[in-house]
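# Coordinates in review
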Amino acid sequence: MGAGESSLGCTGPFAGGSEELPVLSDGRVSAPRFPLKAVSSARARRMVGCSCRVAHGRIAPTFYGFPLLSASSELPNRVARLAWRRIVGARNQARLWGPLTGAVTAGQAIHVAGANGCGKSTFLKALAGLHTPVAGTIERTPAEMLMIGHELPLSPDLDALANLSLWLAMVASVPVPREHCAAALSAATVPMGRAVRLLSAGQRRKVALCVLPLADRLVWLLDEPLDALDGQAALWLADLCNRHLQRGGSIVYTSHQRGPEQFPRHQVLALSADEVSA
């Protein structure tokens, strides 16, 4: 740890103990900015805060996950870099958090916690390249990154299977057979033939999260993934996350909820509106 840095004690509410994340205590520093890429339509821009991917010079709504069809239990010969140094987040010229330094590594999950308005979603968007920190630098591998936002970019008049198939057709690295989409929805106990607008909030969230076992990205950024999920659905999500971590993937997620004991071993990064604190 360099001069001017301190460390956050990161204690996890789930099984797995505690670890530390380094945090800078010195002042703001100048750094390159990360402008929002141009999008192809106003609709895509409205969806940026929900779920997006930076690819080919534009932002597209997306979901990613580990490959369902892969015979390998690991993700060989692939490296995803996500590290941040001295980043500071702000809204309306008011500092939300920072300066922060840290990284997420293979097999690791980081739980970003804090009160409403402290900037948890802003932090995730900064990691994804969708928010410009006022200071600091971020190293990332965009082609290996996922973000599923709190608001879900689902078409209300399409059914669950059509929504899932549509988004995967737009963004998956390889074609995903429709029967695999149906199998994922069935495993999540989501009705497939009902318009999404007629589904419960928890069912809609499961439709979005069903993309995780069907596409292929190493780093997941998940904003309130437990929101509206009942106990059984939370266990289902925990299983997806555990398998992703076991394969060498990484997860950074926000949540106000404790979650099930089976949720992945992780660190906790607690944010506040005034300062970063443990």
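Residues numbered from 1 in each chain as written. Predicted model: local features only at pLDDT ≥ 70, side-chain atom pairs only at ≥ 80, totals over all residues. Heavy atoms only, no water.

A tally of helices and strands in the chain yields 6 helices and 12 strands. Burial status across the chain gives 51% buried among its 278 residues. Considering only residue pairs separated by 6 or more positions, the chain has 69% of its internal contacts joining residues 24 or more positions apart. If you sum the accessible surface of the chain, you get close to 12200 Å²; carbon and sulfur atoms cover 50% of it. (Helix = DSSP H or I, 4+ residues; strand = E, 2+ residues; numbered from the N terminus. Buried < 20%, exposed > 50% of the residue type's maximum accessible area, 1.4 Å probe, protein only. Contact = heavy atoms within 4.5 Å. Areas by Shrake-Rupley, 256 points an atom, 1.4 Å probe, with all protein chains shown as cover.)

This next bit is on the sheet that holds strand β7 (residues 109–114). On the basis of which strands lie adjacent, the open sheet formed by 5 strands has the order β9-β10-β11-β7-β12 and parallel pairing. The sheet terminates laterally at β9 (145–148) and β12 (266–271), the two strands that pair on one side only. Ignoring which end each strand starts from, the neighbouring axes of this sheet average 15° apart. Where β9 and strand β10 (residues 219–223) come together, 4 bridges link them in parallel fashion. Counterpart to Ile148 in the pairing with β10 is Leu222. Sheet strands in contact with helix α6 (residues 231–246) are β7, β10 and β11 (250–254), and its direction is about 145° off that of β11. (Pairing = 2+ DSSP bridges. Axes fitted to C-alpha atoms, helices over the stretch in contact; angles between N-to-C directions.)

Applying the stated rule across the entire model yields 4 salt bridges. Among the salt bridges present, the one from Arg197 reaches Asp157, with a minimum N-O distance of 3.0 Å. Taken as a pair, Arg197 in the loop between α4 (178–187) and α5 (201–209) and Asp157 in the loop between β9 and α3 (160–171) lie far apart in primary sequence, 40 residues in all. A single burial state applies to Arg197 and to Asp157, both of which are exposed. (Salt bridge = Lys/Arg side-chain N within 4 Å of Asp/Glu carboxyl O.)

Now for the sheet that holds strand β6 (residues 94–103). Taken together, 3 strands build an open sheet; the order of strands is β6-β5-β8 and the sheet is antiparallel. Edge positions in the sheet fall to β6 and β8 (135–140), since each has one partner strand and no second. Direction aside, the axes of adjacent strands within the sheet are offset by 25° on average. Sheet analysis places strand β5 (residues 82–91) next to β6, joined by 6 bridges and oriented antiparallel. Note that in β6 the partner of Trp84 across the bridge is Gly102.

Per-residue pLDDT for the chain has a mean of 74; in total, 70% of the residues score no lower than 70. Contacts of residues 1–73 to residues separated by more than four positions or lying in other chains number 201 contacts, the stretch itself having pLDDT below 50. (pLDDT = per-residue confidence, 0-100.)

A few words on the nonpolar core. Counting residues in each nonpolar core, the largest one holds 41 residues, and the members touching the most others are Leu164, Leu168, Leu185, Leu212, Leu237 and Ile251. Elements supplying a minimum of two residues to this core: β9, α3, α4, α5, β10, α6 and β11. The element contributing the most residues to this core is α6, with 8 residues. In terms of nonpolar packing, the next biggest core, distinct from the first, is built from 25 residues, Val112, Cys118, Leu130 and Val219 among them. (Core = buried A, V, L, I, M, F, W, Y, C linked by side-chain atoms within 4.5 Å.)

Of note, the bond from Gly98 into Pro99 is cis; its omega dihedral lies within 30 degrees of zero at 5°. Relative to the elements of secondary structure, Pro99 occurs in strand β6. Of note, Arg86 is a non-glycine position whose phi angle comes to about 55°, a positive value. Take Arg86: it is sitting in strand β5. The phi dihedral of Glu224 is positive, around 50°, even though this residue is not glycine.

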